[in-house]
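Chain by chain, the residues:
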Amino acid sequence: MKTEILISGGGVAGLTAAAAFGTAGFDVVIVDPMPPVTEAANPASDLRTTAFLQPARAFLDEAGLWSKLSSDATPLQVMRIVDAAATPPVTRDFDAADISDLPFGWNLPNWLLRREMVARLAELPNVDFRPGVGFAAMLTRTTEARVTLTDGSRISAQLVIGADGRNSPVREAVGITAKTTRYGQKALTFAVTHDAPHDNISTEVHQKGGPFTLVPLPDQDGKPCSAVVWMNSGPEVQRLAALPDDAFAEAATERSAGVNGTLTLASRRSVWPIISQIAQSLTAQRTALVAEAAHVMPPIGAQGLNMSLSDLAALLQLAQDHRATLGSPDMLDAYEKARHNDVKLRVTGIDALNRASIAGAQVLRDLRPWGIRALHDAAPIRHQLMKLGLGAS
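The numbering scheme is per chain: residues are counted from 1 as the chain's sequence reads. Since the coordinates come from a predicted model, pLDDT governs what is reported: local features require at least 70, and pairs of side-chain atoms require 80 or more to be given and counted, while whole-chain, interface and lining totals use all residues. Computation of side-chain values: all heavy atoms of the structure, hydrogens and water removed.

1. Considerations on the pattern of salt bridges
Link 1 in the chain: Between Lys or Arg on one side and Asp or Glu on the other, a salt bridge is scored when a side-chain nitrogen of the former is within 4 Å of a carboxyl oxygen of the latter. Inspection of every chain in the model, using the stated rule, returns 17 salt bridges.
Link 2 in the chain: Measuring nitrogen to oxygen at the nearest pair gives 3.8 Å for the salt bridge that ties lysine 2 to glutamate 144. Placement of lysine 2 in strand β1 (residues 2–8) and of glutamate 144 in the loop between β9 (135–140) and β10 (145–149) is noted, with a sequence separation of 142 residues between them.
Link 3 in the chain: Put simply, glutamate 4 and arginine 323 hold a salt bridge, and the shortest N to O gap is 3.3 Å. Taken as a pair, glutamate 4 in strand β1 and arginine 323 in the loop between α8 (304–321) and α9 (329–357) lie far apart in primary sequence, 319 residues in all.
Link 4 in the chain: For each residue, the accessible area found with a 1.4 Å probe, counting protein chains only, is set against the maximum for its type, and the residue is called buried under 20%, exposed over 50%, and partly exposed in between. The exposure class of glutamate 4 is buried, given its relative accessible area of 14%. Strands here are runs of E lasting at least two residues and helices are runs of H or I lasting at least four, both read from the DSSP assignment and numbered beginning at the N terminus.

Written out as structure tokens, the structure is:
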């Protein structure tokens, strides 16, 4: 079988890629060894959430996805940073109204994203989605990539997109190495209800061990609701994950510094490892890496998937510009130049923020509130920082 584009990976990034390239008129085959879980009640569902920043909304709209997602999206108007370790605690708000008529972004559950993205692919006759079938091997030539799938079928593609995660089989197949940084941290992800309204404020509470972030969700059972990412050392996260629900909710309320009042657990808890990772290159012959196959970072500042969508936007534009030479060295060289430096800069920046958050030395903890004030209180710096956070160069 021949196709223009083969996408390995059926997570949020891979499904978005298939929708975007399919909507643009490319013939696409997308494969993933695990069928997507699209119901919250399924024990295998991904209960994490994704905050899409402003540029992402435009990309999702072009892919025919935003109209399916907008009614379930919770606006993120204010990004609040709290240093609860300082005496007294330091709180600063970064309000999107300072730089835009729109919110910073919109928050959505990952399981719901998968459900609506799969529905969008079903509307596109030029997209062949094969859940339960994975990438097995690849042989590249100057004019094509010959891909073998786990069901034994073979596909010839002009361009292979590796959107298959931090342990990317596509990256391994083309021999691209990745530098990995481990912090000894894990993240607990879960949802909570609380008495105080979140007022569309995403709050990042810093103490030692890592940030505790509450991101607004739609009300649940008539009560305000937020998604939580709680980062800490691996052993401490495992201890917390084993607590009974009531004791865990009490510990979460204490760690949140009470910013939204008493927290009540509203979902199961999941544990995820925290690393930074960056691929040595984003391209090889007939191959482009995107999303976590290209870069991984701690979940700070909503940068992860939004960087992934920046990868896709750049790659889609280049594919359209090079339609007659899709997957050519010129196209892939342009993608490398467009994305790799920005990826390295943002991974390095998030790495530094994470190290500052987990700082154990008193002198570093003392510097953190000073840095928060300095970045916020000078309006030009605050505005530029917010624009950078949205993806401006």
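2. Side note on the environment of glutamine 77
Link 1 in the chain: In this structure, glutamine 77 sits in the loop between β4 (74–76) and β5 (78–83).
Link 2 in the chain: Looking at glutamine 77, the relative accessible area reads 26%, which means it is partly exposed.
Link 3 in the chain: Between the alpha carbons of glutamine 77 and phenylalanine 94 there is a distance of 8.7 Å; along the sequence they are 17 residues apart.
Link 4 in the chain: Beyond its immediate stretch of four places on either side in the chain, glutamine 77 contacts Phe94, Asp95, Ala96, Ala97, Pro103, Phe104 and Asn200. Throughout, a contact is declared for two residues whenever any of their heavy atoms are within 4.5 Å.

3. With respect to the pairing of strand β3 (residues 49–53)
Link 1 in the chain: Of all five residues making up β3, four are buried, and the element is well covered by its neighbours.
Link 2 in the chain: Two strands form a pair only when DSSP identifies at least two bridges running between them. Of the strand pairs in this sheet, β3 and strand β7 (residues 105–109) are connected by five bridges, and their pairing is antiparallel. Within β7, the position partnered with threonine 50 by the bridge is leucine 108.

4. Considerations on empty space enclosed by the protein
Link 1 in the chain: Any residue with an atom within 4 Å of a point lines the site, the site being either a cavity, points on a 1 Å grid over the protein atoms alone where a 1.4 Å probe fits but cannot get out, or a pocket, an open set with protein on both sides within 12 Å along at least 5 of 7 lines. Grid points are joined across faces, edges and corners, and a volume is the space filled by probe spheres set on the points. This model, assessed by the stated rule, comprises one cavity of 30 Å³ or more.
Link 2 in the chain: Quantified by volume, the largest cavity comes out at close to 50 Å³.
Link 3 in the chain: If you trace the largest cavity, you find it lined by Leu47, Arg48, Thr49, Thr189, Phe190, Ala227, Val228 and Val229.
Link 4 in the chain: Of all the elements in the fold, those that place two or more residues in the lining of the largest cavity are β12 (178–194) and β15 (223–233).
Link 5 in the chain: Broken down by element, the residue count for the lining of the largest cavity peaks at three residues, all from β15.
Link 6 in the chain: Just so you know the grouping, Ala, Val, Leu, Ile, Met, Phe, Trp, Tyr, Cys and Pro go in nonpolar, Asp, Glu, Lys and Arg go in charged, and all remaining residues, Gly too, go in polar. Among the residues forming the lining of the largest cavity, the class breakdown is five nonpolar, two polar and one charged.

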